[in-house]
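Structural description and commentary
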Amino acid sequence: MNDKSEKSRIYYTKPSITEREIRYATDAAANGWGEHCYEYIERFERQFRQHLGVRHAIATSSGTGALHMGMAGLGIGPGDEVILGDINWIASAAPIAHLGAKPVLVDVLPDTWCLDPAAVEAAITPRTKAILAVHLYGNLCDMDALAAIAQRYELHLIEDAAEAIGSIWHDRRAGSMGIFGAFSFHGTKTITTGEGGIFVTSDDALYERVLTLSNHGRARSESRQFWPDTIGFKYKMSNLQAAVGCAQMERIEELVAGKRRIFECYLDALRDLPLRMNPEAAGTVNGYWMPTIVVDADKAFDRATLLAAFKADNIDGRVFFWPLSSLPFFQDLPRNIVSQSLAGRAMNLPSYHDMATADIERVCRVVRSVLRQQ
Ligand SMILES: *Cc1c(COP(=O)(O)O)cnc(C)c1O
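Residues numbered from 1 in each chain as written. Predicted model: local features only at pLDDT ≥ 70, side-chain atom pairs only at ≥ 80, totals over all residues. Heavy atoms only, no water.

**Some points on the site of the ligand**
Taken together, Ser62, Gly63, Thr64, Ala91, Ser92, Val134, Asp160, Ala162, Glu163, Ser184, Lys189 and Gly196 make up the full set of residues near the ligand. Contact distances for the ligand include 2.7 Å between a nitrogen atom and a side-chain N or O atom of Asp160. One of the side-chain N or O atoms of Lys189 is found 3.1 Å from an oxygen atom in the ligand. Relative to its free-state accessible area of 380 Å², the ligand is covered by the protein chains to the extent of 92%. (Near = heavy atom within 4 Å. Polar contact = N/O pair within 3.5 Å; in protein donor to acceptor, adjacent residues only side chain to side chain. Areas by Shrake-Rupley, 256 points an atom, 1.4 Å probe, with all protein chains shown as cover.)

Put into structure tokens, the structure is as follows:
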């Protein structure tokens, strides 16, 4: 079977949709209107709160929207600075810029690829308002170190846990430790609603502010109809999307276990190669949203060759996030040497939940053959 045309495509990700998701979505489409139009949304928010162990949740139309509203609720605005890791998807930085604040990009750690607490502390200025801890590819930020810094300098510690459903930091779930957390249910994420997200917090006052913002600035105590107190947002999740989300939440253990099985398969098969994969420190659990390889710095490696080999084998190749500082609208930051060095050596491997072991082996054969040749 060396003929490419005979090889099935291996997608880098796709959702796990069962009869349950279809049944709930069908029910929402048929019956979820009028007096029932919030039922799946409320149920989804309740399931998510319980899963995470937080007091409040507001389902949103995207993870980006959840971050945007949460930061607005904290009063982040023009003149403020928010510190985040240089290796990140743009969605984490965009809401900071939309609020008129400045994303301050610091270097990341070589093992977790998440922001380096020492670099965070060095970047604090009188304008710093918050630290945005993004748990990259399921890997956890050092939450103890970041919480200590946040406390010492009186900063907000925010979690972008869009990639970290299933990740646990010493008995606390990713997304439940900061002043607020944001998740995404985009079609590539571990659980999906097509597009969607959620804002979570255990801070009652912040919840009230974000709830008002999420309702176009209308406070729930307001008795006048159509009376906003402030300019708010419209980032709501629909009942139809929430129906899919309810089914996914009922299957959350199975969906995270699927991701973990795939990661462990890769780790086992690639163990002897000169590369590192997502870490799982003692006392933590990694939800392994995306199994990622980082080829050792001293090994000659051309990522384009690996991408071409994947393509020839009908496998989706997905590159690691670029340092945000390398994008044209941000300032170049040569001092972020770890971020710059990681970028060219790293790739995500395909990992949809029910991926067959034979397909994982097929991916590993390509990785192995390319690394052996170089
Ligand atoms: C996916 C993702 C987002 C954005 O989520 P959307 O639902 O696409 O808006 C934000 N942050 C991180 C880390 C993500 O992976």
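**Focus: helix H12 (residues 357-373)**
Over its 17 residues, H12 extends 24 Å from the first C-alpha to the last, a length consistent with the 24 Å expected when each residue adds 1.5 Å. For H12, the secondary structure elements touched by its buried residues are helix H9 (252-270), strand E10 (275-276), strand E12 (292-295) and helix H10 (303-312). (Helix = DSSP H or I, 4+ residues; strand = E, 2+ residues; numbered from the N terminus. Expected span 1.5 Å × (residues − 1). Contact = heavy atoms within 4.5 Å.)

**Here's the deal with a negative patch on the surface**
A contiguous patch of negative charge, built from Asp27, Glu35, Glu39 and Glu42, is present on the exposed surface. Mapped onto the secondary structure, Glu39 falls in helix H2 (residues 39-52). Given a relative accessible area of 44%, Glu39 falls into the partly exposed group. (Patch = residues over 30% accessible without salt bridge, like charges linked within 9 Å, V, L, I, M, F, W, Y side chains within 5 Å. Salt bridge = Lys/Arg side-chain N within 4 Å of Asp/Glu carboxyl O. Lys, Arg positive; Asp, Glu negative; His and termini not counted. Charge placed at Lys NZ, Arg CZ, Asp CG, Glu CD. Buried < 20%, exposed > 50% of the residue type's maximum accessible area, 1.4 Å probe, protein only.)

**Re the nonpolar core**
Ranked by internal contacts, the top residues of the largest apolar core, which has 90 residues, are Phe44 and Phe48. Not counting residues within four places of it along the chain, the set of residues in contact with Phe48 comprises Ile165, Phe183, Phe185, Ile198, Val200 and Met249. Listed in part, the 26 residues of the second largest apolar core include Ile315, Ile360, Cys364 and Val367. (Core = buried A, V, L, I, M, F, W, Y, C linked by side-chain atoms within 4.5 Å.)

**Details of the sheet that holds strand E14 (residues 346-348)**
The strand order across the open sheet formed by 4 strands is E10-E12-E14-E13, and the pairing between neighbours is antiparallel. Two strands close off the open sheet at either side, each with one partner strand: E10 and strand E13 (318-319). Summarising the sheet, E10 and E12 pair through 2 bridges and their orientation is antiparallel. Following the sheet pairing, Leu275 is matched in E12 by Val295. (Pairing = 2+ DSSP bridges.)

**A closer look at the packing of helix H3 (residues 63-73) against helix H4 (residues 90-98)**
Across the interface, H3 lies against H4 with an axial gap of 9 Å and an inter-helix angle of 40 degrees. Classed by the angle they form, the pair H3 and H4 counts as oblique. Both H3 and H4 take part in a crossing whose hand is right-handed. Contacts between H3 and H4 involve Thr64, Leu67, His68 and Met71 on the former and, on the latter, Ala91, Ser92, Pro95, Ile96 and His98. Tallied by class, residues from the contact of H3 with H4 come to 5 nonpolar, 4 polar and no charged. (Axes fitted to C-alpha atoms, helices over the stretch in contact; angles between N-to-C directions. Parallel < 35°, antiparallel > 145°, perpendicular 65-115°, else oblique. Left-handed = near helix turned anticlockwise from the far one by under 90°. Nonpolar A, V, L, I, M, F, W, Y, C, P; charged D, E, K, R; others polar.)

**Side note on the sheet that holds strand E6 (residues 168-169)**
Spatially, the 3 strands line up as an open sheet ordered E7-E6-E11, and their pairing is antiparallel. Whereas interior strands pair on both sides, the edge strands pair on one side only; in this sheet they are strand E7 (172-173) and strand E11 (284-285). Sheet topology note: the E6/E7 ladder contains 2 bridges and is antiparallel. Bridge pairing in E7 links Ile168 to Arg173.

**Section: the state of the cysteines**
By the definition in use, this model includes 0 disulfides. Free cysteine Cys141: the closest other cysteine sulfur is in Cys114, separated by 3.9 Å. You can see Cys265 has no disulfide; the closest cysteine sulfur is in Cys364, sitting 7.6 Å from it. Exposure remark for Cys265: the relative accessible area of 24% places this residue in the partly exposed category. (Disulfide = S-S within 2.5 Å.)

**Here's the deal with the pairing of strand E5 (residues 156-160)**
Most of E5 sits inside the fold, with 4 of its 5 residues counted as buried. One ladder, built from 5 bridges, connects strand E4 (residues 128-134) with E5; its direction is parallel. For Ala133, the partnering residue across the bridge sits in E5 and is Glu159. On the question of chirality, the crossover connecting E4 to the parallel E5 by way of helix H6 (residues 143-153) is right-handed. Sheet topology places E5 next to strand E8 (residues 180-184); 3 bridges connect them, and they run parallel. Bridge pairing in E8 places Glu159 opposite Gly181. (Right-handed = clockwise from strand over helix to strand, strands pointing away.)

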